[in-house]
Amino acid sequence: MKIKWINSNLLTLKCVLFLFFGAVGSLLPFIPLHMNALGLSRDEAVIVSGIAPLIALIGPLVAAPLADRLAGGFGGAPRSKTGRYLRVMIGTCCVLATIFYWLLTLIPPIMRSPPNVSFMCDEAGGFILQDRCGAERTCYNWGSGKGSVLVKNCIFSCNATSAYKGESSTSPPVEEVSAEYGEDYYDAGTYIINEPEGVAPPQTPAEYIQEPYPHMCFKNASGSTICEVYTEYYSIKLNLGLLPSAPNQQNETDDTCKYPFAEPFACRMPSKKVEELKKEFGSDDCNPVVVCEILDPYNNTDSLLKRSQCGYDNISFWLYLFIKSFADIFIAAAVALIGTAVVIATRETSTGRGDIGKQFACGVAGFGLFAPIIGGCADGRFFEGIICFTVLMVLAVIILLADEKMPLSPPEWWWHTRCGLLALPMSSVRKYGLETAALGIILLLLGVFWNSIDSFLPWHVAKLPEGSSLIIGLAVTVGAIPAVVFLIFAEVIVDYCGHSNILIFCFVNYICHHLTLICIENATLLFLCEFLEIFTLHVMYVTAVLYLRHLVPRKLTACGQALPVVAHFCLGRCIGAFLGGIAYDEYPANFNRVHQWFTVAAAVVAFIYYIAYHFYLKPKCGAPVHLPPDPAPAVVQSMNGNGSYTPLRVYHNSKSKKGHFRY
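Predicted model only: the values in this text are computed from it and were never measured.

> Kindly report on the nonpolar core, identifying the contributing residues and their values.
One finds Phe 20, Leu 86 and Tyr 320 to be the most contacted residues of the largest nonpolar core, which totals 142 residues. Ranked by the residues each element gives to this core, the list is headed by helix α7 (residues 315-346), at 19 residues. Residues in contact with Tyr 320, not counting those within four places in the same chain, are Ile 31, His 34, Met 35, Leu 38, Leu 40, Val 48, Leu 104 and Ile 107. With 33 residues, the next largest nonpolar core counts Trp 142, Cys 154, Val 274 and Ile 294 among its residues.

Structural data, given as structure tokens:
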């Protein structure tokens, strides 16, 4: 088979793809770093990363039907002869996206001043100690809401201050155990005490405890007392509500606010330990308590203390969410319309190949080239990134509007058929609804697995040794640049392997990707798993484009190309962001746990999809053999020469032959 490497009619389209995806690569991978630099908390960044793509699906859902309508040729609308409508729509989306991303630079940074805070408790109850806020020296007036407090480095002490910071231990964690109250030895873990109503539980006998650990006890919903036992090797997450400081604790001369817990709470104080403390510090100056450091008090997921920061103001968060959502609407619409333009411009028919992969190879090259430039030369800063984004987008828009000869006129009615003729109506050859719905679900799941990594990869890189913005950019390059070779031969690869087999292979790759993330402890080694994005992102997307090119009728070309954008890059990105954000609560312990579950989920989904496809979808969706009308039309007889008729096969899963499609 002779492959024509350069098609002069498609050179400007290749330039548009290179510039557009180069602009995306120069900005979007560094958005998480910009949210951090602006002062958004971890919870707020996760919300933006999840809600923005959900709102962004408005773009392709509006733009795709409009593009199909403007293409004309059905419903009485005149058929477009130049494709100018598509070039103008893409250019408009690029311009509007650029404007909205520039508006992000106008959002005022959040200037928060986190006061010192610590945790203390004794047998009378539990308290949060926090420095007074700002020049007004006020204490926060808490409402009825609850939130999480993560405590570590708990010790027995005579007095507690808001400035307490313990030293972290590097010893390996002690395995948690459960023990019933009253046994002869207590270790780290949780145990439940079922005491009669109104009767206080006995003190823990000091002689039973070789090394006394702080016991933090509270009542659950059933009335049982639950005790969390702290050791130096792990932290405890408590869900609490706080009361305002008592009037006698609001003396202006005192620099500390003391907030009591809203629920019954107590810390056991072993008598032997109390005696040791009083002997060491003097009985008159010692008030025995358990004091703990609060881990990441204002940025932890579901943080109770976040709203009590000095200068806390969430107007910047709401502005960021609103503006980024609108910017993503136009980027998502542009991606769907560009996919439509590639499918239309290549004019693929069942008698030959349309070079779709070669066009997207140029886009992937731009995506992988500009990301490390911004990451390395500009250290991932948003301002330099938006300048590069703007220059590339402007160039892409100029080419779109200037090239009147770009082959974007809507495809002819016969373009899906062999030799341009149909013996039977297309509607009677195949019904694609079930398979299209199944493909949408698969793309959604792939989007979840991809974005649970992609949305917050910069955070993970920043926390690893040797992590830098250059590593973030190169991680994009490692997955993109080698993919160019695969995309040049994309249609050959897809025809040989089969669309569904490639998608199943993507799930298998996610097993490796999530598992490798757990094991890697050096930022440069991330390239090993980011290399898998050759298949899980770039080849996957082109496979979806090729798949939907045949599954949907010509008059719905834009709607068909909007499906992978809506399913993978919008809905999948939304769900993946919220699930992936859990990994950064109690980092790195939760990071490993979350990606372990993603590894298991990818294996389960891959197995279910393989079974469902090969034993249900494939037999059910296989094209039936249609016999010709009797007598056969003269035009069909002339096609076959001897008057015999070879049934048209649109859907095929055996040998890949010209004119047959392997799904």
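Moving on from the coordinates now.
> Account for the state of the cysteines, naming residues and giving values.
Applying the stated criterion across every chain yields a total of 5 disulfides. Sulfur-sulfur distance for the disulfide between Cys 121 and Cys 267 comes to 1.5 Å. Disulfide Cys 121-Cys 267: the torsion about the S-S bond is -75°, which places it as left-handed. Linking Cys 121 in strand β1 (residues 117-122) with Cys 267 in strand β9 (residues 265-268), this pair joins segments that are 146 residues apart in sequence. Exposure class is identical for Cys 121 and Cys 267. Each is buried. Shown here is the disulfide that connects Cys 139 with Cys 257, its sulfur atoms set 1.9 Å apart. Of note, the bridge from Cys 139 to Cys 257 carries an S-S torsion of about -90° and is left-handed in sense. Linking Cys 139 in the loop between β2 (125-131) and β3 (146-157) with Cys 257 in strand β8 (residues 256-260), this pair joins segments that are 118 residues apart in sequence. Both residues of the pair, Cys 139 and Cys 257, count as buried. Note on Cys 15: no disulfide assigned, nearest cysteine sulfur contributed by Cys 362 at a separation of 7.7 Å. With a relative accessible area of 38%, Cys 15 lands in the partly exposed category.

Criteria and cut-off values
- Residues numbered from 1 in each chain as written.
- Predicted model: local features only at pLDDT ≥ 70, side-chain atom pairs only at ≥ 80, totals over all residues.
- Heavy atoms only, no water.
- Core = buried A, V, L, I, M, F, W, Y, C linked by side-chain atoms within 4.5 Å.
- Buried < 20%, exposed > 50% of the residue type's maximum accessible area, 1.4 Å probe, protein only.
- Helix = DSSP H or I, 4+ residues; strand = E, 2+ residues; numbered from the N terminus.
- Contact = heavy atoms within 4.5 Å.
- Disulfide = S-S within 2.5 Å.

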